[in-house]
Amino acid sequence: MSIPIPSNVTSGSIITSDINKRTLRQRIMDNRWIYVFMLPSLILTAMFTLYPIIASAYYSFFQWSGFTSAPYYIGIANYQEVIGDAQFWNAFKNSFVFMLTSVPIKLTLALIIAIVLNDRALRLAPIFRTMFFVPVVTTTAIVGIVMTFILSPFNGPINLALMDLGLVNRPIDFLGDPKVSLFAVVGVEIWKWLGNPMIYWLAALQTIPETLYEAAEVDGANWWRKFFFITLPLIRPFAVVILLITAVGTLNVFALVQTMTQGGPFFASEVMEVYIYRTAFGAANSMTLPRIGYASAAAVFFGLAVMVIAILQFVAARWANREKAGIAAAETTREDI
């Protein structure tokens, strides 16, 4: 006895759909222990990432110091005050000046170092990679405190070296000069996090087949031609993702700025994270009341700006995947020929 099949549905589609349903259910059951082990991470993410985001958005509509049990609802007044606050825009500008100064220098230096360390003739490459990556795993607050002594105008080793070399006549107050303090912190941030993009670049460089360089050498290409016509085109999909990941990471510099300058002098190095911290919990050694609602509104506003970069990162990642798929297909075709 045969089973009747509707005219608009083929037997093949029924079988395929049934297999897909069973496969999905079976896949979940096969990987059930993976989901079990992921559960603690998901719970912690919900507690310490998702809940603070939702709570910030909620409290941004209230006037609340955190000391009372009943916040006072004020609607969008916090957002209106944020838009008209010159100190907010100063911190907003400083955050993006910090990012736009740090990211190009950091990525360029990291790419140069990665190209050098990717050379197989360099036998001590693992040691140099470790040396460049050690600052990344060093505690940021400790780095910031140590750097205040190194950059000090009072017998700091950098000022002593500059004066001994005759480059300056008197010590430079790197962290006390409003024109210099932000860029002094940028310099320390570049040194601290240089190892991260260096690892990303190394991973990208190691995806390039060695046979391409060998073929170019047979054709008489020098180092520069190999770099511009092989290396750069093939790492371009990775470069977009590395650029956006590094840009977003450079906006998270609270610990370094707080320990080195606390946003000073005269708010010259105050970035958004320090501004939010100061308004949420009050400035140090002052009688300023905390403003949780106002700080939440500033955080939401800045978060939306960062979200634009995150969306660009998502779009760039999809483009990079398509580019990599195209390169892989071209490589397969070349091997078949």
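Look above for the structure.
Residues numbered from 1 in each chain as written. Predicted model: local features only at pLDDT ≥ 70, side-chain atom pairs only at ≥ 80, totals over all residues. Heavy atoms only, no water.

### Here's the deal with the nonpolar core
- Ranked by size, the top nonpolar core spans 45 residues in total, and within it W201, M272 and Y275 carry the most contacts.
- Of all the secondary-structure elements, those providing two or more residues to this core are α3 (77-83), α4 (86-117), α9 (195-205), α10 (210-218), α11 (223-250), α13 (272-281) and α14 (292-336).
- The biggest single contributor to this core is α4, with 12 residues.
- Sequence-distant contacts of W201, defined by excluding residues within four places in its chain, comprise L107, A110, L111, A114, I235, A239 and I242.
- Core analysis: the second largest hydrophobic core is formed by 18 residues, F174, L175, A184 and V271 among them. (Core = buried A, V, L, I, M, F, W, Y, C linked by side-chain atoms within 4.5 Å. Buried < 20%, exposed > 50% of the residue type's maximum accessible area, 1.4 Å probe, protein only. Helix = DSSP H or I, 4+ residues; strand = E, 2+ residues; numbered from the N terminus. Contact = heavy atoms within 4.5 Å.)

### Remarks on the pattern of salt bridges
- Counted according to the given criterion, the structure contains 4 salt bridges.
- Across the pair E217 and K226 runs a salt bridge, and its minimum N-O distance is 2.9 Å.
- Look at K226 and you get buried, because its relative accessible area is 14%.
- Ionic pairing is found between R278 and E270, a salt bridge with its closest N-O pair at 2.7 Å.
- You can call E270 buried: its relative accessible area is 1%. (Salt bridge = Lys/Arg side-chain N within 4 Å of Asp/Glu carboxyl O.)

### Examining helix α6 (residues 140-150)
- For α6, the complete set of buried residues consists of T140, V143, G144 and M147. On an axial view of α6, the arc spanned by its buried residues comes to 100°, and they lie on one face.
- Summarising the contacts, the buried residues of α6 are in contact with α8 (181-193) and α12 (254-260). (Arc of directions from axis to C-beta.)

### Here we look at the packing of aromatic side chains
- Counted by the stated rule, this structure contains 21 aromatic pairs.
- Ring geometry for F88 versus Y275: centroids 5.9 Å apart, planes at 65°, classification edge-to-face. On the criterion of sequence distance, the pair formed by F88 in helix α4 and Y275 in helix α13 is long-range, its members being 187 residues apart. In this pair, the class of F88 matches that of Y275, namely buried.
- Seen from their ring centres, W223 and W224 are 4.9 Å apart, and the 90° between their planes marks the pair as edge-to-face.
- Judged by its relative accessible area of 52%, W224 is exposed.
- Taken together, the ring pairs in this structure connect F88, W89, F92, F96, Y275, F301 and F302 into an aromatic cluster.
- Over the face of the ring belonging to W193 we find K192, whose NZ or CZ atom lies 3.9 Å from the ring centre.
- Against the face of Y294 rests R291, its NZ or CZ located 4.4 Å from the ring centre. (Phe/Tyr/Trp six-rings, centres within 6.5 Å; stacked < 30°, edge-to-face > 60°. Lys NZ or Arg CZ within 6 Å of the ring centre and 35° of its normal.)

### Concerning unusual backbone geometry
- Cis geometry marks the peptide bond from G264 to P265, where omega comes out at -5°.
- Among the structural elements, P265 can be located in the loop between α12 and α13.
- With a phi angle near 65°, N155 is a residue other than glycine that sits in the positive phi range.
- In this fold, N155 is placed in the loop between α6 and α7 (157-164).

### Some details on the environment of N78
- Tracing the sequence through the fold places N78 in helix α3.
- Relative accessible area serves as the criterion here: at 3%, N78 is assigned to the buried category.
- Expressed as a C-alpha distance, the spacing of N78 and Y59, which sit 19 residues apart in the sequence, is 9.9 Å.
- Setting aside residues no more than four positions away along its own chain, N78 makes contact with Y59, S60, F62, R291, G293, Y294 and A297.

### Let's talk about the packing of α6 against α8
- Contact geometry for α6 and α8: axes closest at 11 Å, N-to-C directions at 135°. Our classification of the angle between α6 and α8 gives oblique. Once α6 is placed against α8, the crossing between them reads as right-handed. Side by side, α6 and α8 meet where T140, V143 and M147 of the first sit next to V188, W191, K192 and W193 of the second.
- Partitioned by chemical class, the residues of the contact of α6 with α8 number 5 nonpolar, 1 polar and 1 charged. (Axes fitted to C-alpha atoms, helices over the stretch in contact; angles between N-to-C directions. Parallel < 35°, antiparallel > 145°, perpendicular 65-115°, else oblique. Left-handed = near helix turned anticlockwise from the far one by under 90°. Nonpolar A, V, L, I, M, F, W, Y, C, P; charged D, E, K, R; others polar.)

### Looking at α8
- Taking 1.5 Å of rise per residue, 13 residues should cover 18 Å, and α8 covers 19 Å from first to last C-alpha, within 8% of that figure.
- Within α8, the full set of buried residues consists of S181, L182, A184, V185, V186, V188, E189, I190 and K192.
- Structurally, α8 contributes buried residues whose contacts are with α4, α5 (125-137), α6, α11 and α12. (Expected span 1.5 Å × (residues − 1).)

### Focus on a nonpolar patch on the surface
- Where nonpolar side chains cluster on the molecular surface, the patch consists of L24, I28, I34, Y35, M38, L39, L42, I43, L44, M47 and F48 and spans about 1,100 Å² of accessible area.
- Those elements giving two or more residues to the nonpolar patch turn out to be α1 (11-30) and α2 (32-59).
- Examining the composition of the nonpolar patch, we find that 9 residues originate from one element, α2, more than from any other.
- Mapped onto the elements of the fold, I28 is located in helix α1.
- What makes I28 partly exposed here is its relative accessible area of 41%. (Patch = residues over 30% accessible without salt bridge, like charges linked within 9 Å, V, L, I, M, F, W, Y side chains within 5 Å. Areas by Shrake-Rupley, 256 points an atom, 1.4 Å probe, with all protein chains shown as cover.)

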